[in-house]
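Take a look at the letters that make up each chain.
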Amino acid sequence: MAPYFIKNLLPRRGNTDNSGIVPAMASLTWVQWAQFWSGWLAWTCDALDFFSVSLTVSALETQFGKSSQSVTTAITLTLLFRSVGAVIFGILSDRFGRKWPLVINLIICCVLELGTGFVNTFSQFLAVRSLFGIAMGGIWGLSSSNALENLPVELRGLASGVLQQGYAVGYLLAAVINLTIVAHHGWRTLFYFGACFSFFAAVVRSLVPESEFFIRAKELEKERGASTASKTKVFIHETKEMLKIHWKLCIYAVILMTGFNFLSHGSQDLYPTYLETTKGFSSHDATIATIIGNCGAIAGGAIAGWGSQYIGRRLTIIICVLLVGGMSFIPLWILPSSFSALSAGAFWIQFGVQGAWGVIPIQLAEMSPPAFRATFPGVAYQLGNMVSSASAQIEATAGAHIKTTIIKNGTPEVVDDYATVQGILIGVVAAYVVITTIVGPENHAAHFEKHKAAFEEGGGHDDAIVDDDRNDRPASIREIGEEKAFSV
């Protein structure tokens, strides 16, 4: 018999919904596939641009004549302002639907990415990156709700892991572009490519139908004769009701996501700088190691997401984080000096970090007040980002005060010791995440797609389940989905 500690973390008997993954995948329509991959693509674009700054810190230092601590201010400002975008676009999505708020969000990202490539002063650079933080803040909540709510419950764990690792794929794409094109044409080209990707993602999402959840809710409200003004009034009322009921859950989610964001940004944002400064790698080798690390992230996210469907969300997160902080991954990540060993360390540390992250989209979606699946996860995620926004600057500042000596070109050289700084930070954060996850809730395999929308009467309450005749509607809507695909 499993110890009580482990037993308490396992999903309740009869609530695993894990026996039909392959049949469920085979039953998906092209609309469901398109909705998932359009959400994944949007999140990939978000990561591509965010890590464009991390990968070009050295080039930006030269361009603007600033230190690494000053350049990383851009990363901090982007993270700080993301919570504003999460609130704005999350509310728009829960009120008006998943499709057009995400399209508009991506177009704004495209414009600001393009603008980043045209700045001439450091002040302009910081201003554009701050504005970009607002646009970027809306993407995750909209992408995850867009991708997951139309899938069968049996697939949501695996889909969560694959979706979240659009983040790693975006980082990977940025690293490849940095390695091949930026080396010959300068740092600005990385942002031009990011703008093109965002525009492409916006076009793709504009061609994919609205979520069935919103088609169903809007058709019912239309039958009732509800006006836009009346639905907005209901939405505001139900939002207040949700906050009255779930204010403690909101605080918990922010606390959880603060730890997760420290874990992610602390292990990634200055990783290329760490390799170049503390280990003496060339920019080329640092980029290759980053690519290898992101391959580990992609593998970890998919495997952990799939595993969470069987053993539960919290237990999967705890196992992945213990692999990072409680075993040999951190030493393998920071102690070696050779390229092969450090690359292996990068692979496994990101396997664990992003394995835990792979469970987060579905864990937050199932934890959320059901009618607010874009606003609640998005705002919790980005408020956690805001609290952890100084992680890169903390590491840069601590590295400037903690020194080590390396041999470079045959002579000893005193450099910033990012290895020690990142090892301590990730170890402490890993312990924090494990404790926070253990004490938190889990609503494994929740059928949140059966809940009322936020603009329907009673939507702010957890028990506002749609009537049986409405539960039968998705099948008929799916049949006519292709006819309505370009008009919704």
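Just so we're clear, the structure is a prediction, and the values are computed from it rather than from any experiment.

S.K.: How should the packing of helix α5 (residues 68-96) against helix α6 (residues 99-116) be read in this particular structure?
M.R.: Helix packing for two helices is described by the angle between their axes and how far apart those axes are. In contact at an axis separation of 9 Å, α5 and α6 are set at 155° when each is read in the N-to-C sense. Classified by the angle between their axes, α5 and α6 sit roughly antiparallel to one another. Residues Phe89, Leu92 and Ser93 of α5 form the contact with α6, whose own contacting residues are Pro101, Asn105 and Ile108. Split into classes, the residues belonging to the contact of α5 with α6 amount to four nonpolar, two polar and no charged.

S.K.: I tried to follow the environment of Lys450 on my own but got confused; where do I start?
M.R.: Turning to its location among the elements, Lys450 is positioned in the loop between α21 (418-438) and α22 (468-471). Taking the C-alpha atoms as reference points, Lys450 and Phe213, separated by 237 residues in sequence, lie 8.2 Å from one another.

S.K.: For this particular structure, what's the right way to read the packing of aromatic side chains?
M.R.: One pass over the full model with this rule turns up 26 aromatic pairs. Centre to centre, the rings of Phe281 and Phe339 are 6.0 Å apart; their planes meet at 40°, and the pair counts as tilted. Of this pair, Phe281 sits in the loop between α14 (271-277) and α15 (283-311) while Phe339 sits in helix α18 (residues 339-367), and the two are 58 residues apart along the sequence. Assessed through its relative accessible area of 12%, Phe281 is described here as buried. By the ring-pair criterion, three or more aromatic residues cluster together here, those being Trp43, Phe50, Phe51, Trp140, Tyr167, Tyr171, Phe260, Trp357 and Tyr381. The positively charged end of Arg82 is found above the aromatic ring belonging to Phe50, 5.5 Å away from the centroid. The ring of Phe448 carries the charged tip of Arg156 above its face, separated from the ring centre by 4.2 Å.

S.K.: Honestly, the pattern of salt bridges in this entry has me stumped. Any pointers?
M.R.: It is possible for side chains bearing opposite charge to pair when their charged atoms get close. According to the stated counting rule, one finds eight salt bridges in the structure shown. Between Arg129 and Asp49 there is a salt bridge, and its shortest N-O distance comes to 2.9 Å. Taken as a pair, Arg129 in helix α7 (residues 122-137) and Asp49 in helix α3 (residues 30-55) lie far apart in primary sequence, 80 residues in all. With respect to burial, Arg129 and Asp49 carry one shared label: buried. The shortest N-O distance in the salt bridge between Arg313 and Glu366 comes to 2.9 Å. Remark: Glu366 occurs in helix α18 and Arg313 occurs in helix α16 (residues 313-325); sequence separation between them is 53 residues. Both residues of the pair, Arg313 and Glu366, count as buried. A network of salt bridges, in which partner residues are shared, links Asp94, Arg98, Glu149 and Arg373.

S.K.: Got a minute to help me understand the pairing of strand β2 (residues 411-416) in this structure?
M.R.: Looking at chain direction, strand β1 (residues 403-408) and β2 are connected through six bridges and run antiparallel. Across the sheet, residue Lys408 finds its bridge partner in β2, namely Thr411. Connecting β1 to the next strand, β2, in antiparallel fashion are two residues, including Asn409 with a positive phi near 55°.

S.K.: Before we go on, may I ask you to explain the state of the cysteines in this structure?
M.R.: Covalent bonding between the sulfur atoms of two cysteines defines a disulfide. Inspection of the entire model under this criterion finds zero disulfides. Just so you know, Cys196 is unpaired, no disulfide at all, and the nearest cysteine sulfur is the one on Cys110, 7.1 Å from it. Residue classification places Cys196 among the exposed positions, given a relative accessible area of 54%. Considering cysteine sulfurs only, Cys295 is the nearest to Cys320, which forms no disulfide, with 17 Å between them. With relative accessibility at 8%, the residue Cys320 sits in the buried group.

Reading the values: the criteria
- Residues numbered from 1 in each chain as written.
- Predicted model: local features only at pLDDT ≥ 70, side-chain atom pairs only at ≥ 80, totals over all residues.
- Heavy atoms only, no water.
- Axes fitted to C-alpha atoms, helices over the stretch in contact; angles between N-to-C directions.
- Helix = DSSP H or I, 4+ residues; strand = E, 2+ residues; numbered from the N terminus.
- Parallel < 35°, antiparallel > 145°, perpendicular 65-115°, else oblique.
- Contact = heavy atoms within 4.5 Å.
- Nonpolar A, V, L, I, M, F, W, Y, C, P; charged D, E, K, R; others polar.
- Phe/Tyr/Trp six-rings, centres within 6.5 Å; stacked < 30°, edge-to-face > 60°.
- Buried < 20%, exposed > 50% of the residue type's maximum accessible area, 1.4 Å probe, protein only.
- Lys NZ or Arg CZ within 6 Å of the ring centre and 35° of its normal.
- Salt bridge = Lys/Arg side-chain N within 4 Å of Asp/Glu carboxyl O.
- Pairing = 2+ DSSP bridges.
- Disulfide = S-S within 2.5 Å.

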